[in-house]
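Structural features, examined
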Amino acid sequence: MMALAGLWSLFNLAVLVLLVVLAIFGIQALRKYLKTPAALPAAGGVSLGARLCRQRQARGMTVESVAQSLGVTPQEVEAWEKDTADPTDQQLMDLAALYGGSLADLFRR
């Protein structure tokens, strides 16, 4: 009976690991999809990087001033605006606050 309980625990652990791996792959696939041209119409045809650039320029800010305010390098801000890198969730919230709006404002047309 003890051996059966041990096997059941091992099975549960294997299922949990499988679910975690599937979740990670799902998140990666979603992030990749959101960068494709097919996803752009759902976002109003404008990428996140283009929206960030537009928000910055609308406020008369430079890449350097945004980078300094967020504690990152200007190269990081440029990479976000060129869609070659993604800001973290915290950086997105900081950008929204810096630009005087909400996260939803960053994603509006």
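What comes next concerns the included structure. On a predicted model such as this, the values are computed, not experimentally measured, just so you know.

**Focus: the overall build of the protein**
When you go through the protein residue by residue, the secondary structure sums to six helices and zero strands. For the protein, the α and β elements follow one another from N to C terminus as α-α-α-α-α-α. Classification of the 109 residues of the protein by burial places 23% in the buried group. For the protein, contacts bridging at least 24 residues in sequence account for 53% of all contacts bridging at least 6. For the protein, the exposed area adds up to about 7,500 Å²; of that, 67% sits on carbon and sulfur atoms.

**Here we look at the side chain of Ser47**
Positionally, Ser47 belongs in the loop between helix H1 (2-34) and helix H2 (48-58). Polar contacts involving the side chain of Ser47 include one to the main-chain amide nitrogen of Ala50, which spans 3.2 Å.

**A short note on the packing of helix H3 (residues 63-70) against helix H4 (residues 74-81)**
Look at H3 against H4: their axes get within 8 Å of each other, and the N-to-C directions meet at 110°. Judged on the interaxial angle alone, H4 and H3 are roughly perpendicular. In the crossing of H3 with H4, the sense of the turn from one axis to the other is right-handed. Contacts from Val63, Glu64, Val66, Ala67 and Leu70 in H3 reach Pro74, Val77, Glu78, Trp80 and Glu81 in H4. A per-class count over the contact of H3 with H4 returns seven nonpolar, no polar and three charged.

**Brief notes about a nonpolar patch on the surface**
On the surface, a nonpolar cluster with roughly 840 Å² of combined accessible area is contributed by Leu7, Leu10, Leu13, Leu16, Val17, Val20, Val21, Ile24 and Phe25. Mapping Leu7 onto the fold places it in helix H1. Taking relative accessible area as the criterion, Leu7 reaches 54% and is therefore assigned exposed.

**Quick notes on the packing of H3 against helix H5 (residues 89-98)**
Axis separation between H3 and H5 bottoms out at 11 Å; the angle between their running directions is 120°. In terms of their interaxial angle, H3 and H5 are classed as oblique. Between H3 and H5 the crossing geometry is right-handed. Judged by residue contacts, Val66, Ser69 and Leu70 of H3 engage Asp94, Leu95 and Leu98 from H5. Looking at the contact of H3 with H5, its residues break down into four nonpolar, one polar and one charged.

Definitions and cut-offs
Residues numbered from 1 in each chain as written. Predicted model: local features only at pLDDT ≥ 70, side-chain atom pairs only at ≥ 80, totals over all residues. Heavy atoms only, no water. Helix = DSSP H or I, 4+ residues; strand = E, 2+ residues; numbered from the N terminus. Buried < 20%, exposed > 50% of the residue type's maximum accessible area, 1.4 Å probe, protein only. Contact = heavy atoms within 4.5 Å. Areas by Shrake-Rupley, 256 points an atom, 1.4 Å probe, with all protein chains shown as cover. Polar contact = N/O pair within 3.5 Å; in protein donor to acceptor, adjacent residues only side chain to side chain. Axes fitted to C-alpha atoms, helices over the stretch in contact; angles between N-to-C directions. Parallel < 35°, antiparallel > 145°, perpendicular 65-115°, else oblique. Left-handed = near helix turned anticlockwise from the far one by under 90°. Nonpolar A, V, L, I, M, F, W, Y, C, P; charged D, E, K, R; others polar. Patch = residues over 30% accessible without salt bridge, like charges linked within 9 Å, V, L, I, M, F, W, Y side chains within 5 Å. Salt bridge = Lys/Arg side-chain N within 4 Å of Asp/Glu carboxyl O.

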